Amino acid sequence: MTPLGRFRAVALAEGLSFIVLLFIAMPLKYLAGMPLAVKVTGMLHGVLFVLYLLSLVEAGITYRWPPFRWVGALGASLVPFGVFVLDARLRQETPTAGQDS
């Protein structure tokens, strides 16, 4: 797998864990009194976020991304559904991006 394919795979997993944390685990904690949902999902999301950062650095260095791409990718990880938008843009900009995931 290429660095871009690895970044995209980790980004999608991280984005999905963020959505699950915000829209499933948090309501379970505060509306149903199930704090374990946030503890487990939060830990998984934290690990995936660190992997996201590492794969971002690898892809950024490998493909010599300009600073705005690095900042945009970091910002995408902080906004719900942001990594999904980033992934769509990466697929559009890179003709072979769909083949290396």
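Numbers given for residues are sequential positions, taken from 1 along each chain in its written order. Where local features are concerned, this predicted model is filtered to residues with pLDDT of at least 70; where side-chain atom pairs are given and counted, the filter is 80 or more; whole-chain, interface and lining totals use all residues. Side-chain numbers here rest on the full set of heavy atoms in the structure, without hydrogens or water.

Within an unreviewed UniProt entry, the label attached to the protein chain reads Integral membrane protein, and the organism entered is Stigmatella aurantiaca. Of the comments in the UniProt record for the protein chain, the one headed Subcellular location (unreviewed entry) reads "Cell membrane". UniProt positions are given in the numbering used here, feature names are shortened, and annotations may be inferred rather than shown by experiment.

Student: It is not clear to me how the overall build of the protein chain should be interpreted in this structure. Could you clarify?
Tutor: For helices the rule is a DSSP run of H or I covering at least 4 residues; for strands it is a run of E covering at least 2, with both sets numbered from the N terminus onward. A count of helices and strands for the protein chain gives four helices and zero strands. When the helices and strands of the protein chain are read in sequence order from the N terminus, they spell out α-α-α-α. Reported as C-alpha extents along the three principal axes, the dimensions of the protein chain are approximately 45 × 25 × 20 Å. Think of it in three bands: residues with accessible area under 20% of the maximum for their type are buried, residues over 50% are exposed, and the middle band is partly exposed, with areas taken using a 1.4 Å probe on protein chains only. For the protein chain, with 101 residues in total, the buried portion stands at 36%.

Student: So what exactly am I meant to see when it comes to the packing of aromatic side chains here?
Tutor: The geometry of two aromatic rings is summed up by the distance between their centres and the angle between their planes. Classification of ring pairs uses Phe, Tyr and Trp, with its six-membered ring standing for Trp, and accepts pairs whose centres are within 6.5 Å; under 30 degrees between planes counts as stacked, over 60 as edge-to-face, and the remaining range as tilted. What the rule picks out here adds up to six aromatic pairs. Judged by centre distance (5.2 Å) and plane angle (40°), the rings of Phe7 and Tyr52 are tilted. Pair noted here: Phe7 is in helix α1 (residues 3-32) and Tyr52 is in helix α2 (residues 35-62), with a separation of 45 residues, a long-range link. Of the residues examined, Tyr52 reaches a relative accessible area of 0% and is grouped as buried. Their ring planes at 45° and their centres at 6.2 Å tell us that Phe81 and Phe84 sit as a pair that is tilted. Given a relative accessible area of 46%, Phe81 falls into the partly exposed group. Relative accessible area serves as the criterion here: at 31%, Phe84 is assigned to the partly exposed category.

Student: Even after reading the chapter, I still don't get the UniProt feature "transmembrane region" (unreviewed entry) in the protein chain, so can you show me in this structure?
Tutor: Within the UniProt annotation, "transmembrane region" (unreviewed entry) is assigned to residues 6-24, 36-55 and 67-86. Annotation note: span residues 6-24, helix share 100%, strand share 0%, distance between end C-alpha atoms 26 Å. Annotated as 85% helix and 0% strand, the span residues 67-86 places its first and last C-alpha atoms 15 Å apart.

Student: Help me out: how do you make sense of a nonpolar patch on the surface in this one?
Tutor: A contiguous nonpolar patch, built from Leu12, Leu16, Leu22, Phe23, Ile24, Leu28, Met34, Phe81 and Phe84 and spanning about 780 Å² of accessible area, is present on the exposed surface. The residue Leu22 is located in helix α1 in this model. To count toward a patch, a residue needs a relative accessible area above 30% and no salt bridge. Like charges then connect within 9 Å, nonpolar side chains (Val, Leu, Ile, Met, Phe, Trp, Tyr) within 5 Å. Note that accessible areas follow from Shrake-Rupley with a 1.4 Å probe, and for residues the cover is restricted to the protein chains shown. For salt bridges, the criterion is a side-chain nitrogen of Lys or Arg within 4 Å of an Asp or Glu carboxyl oxygen.

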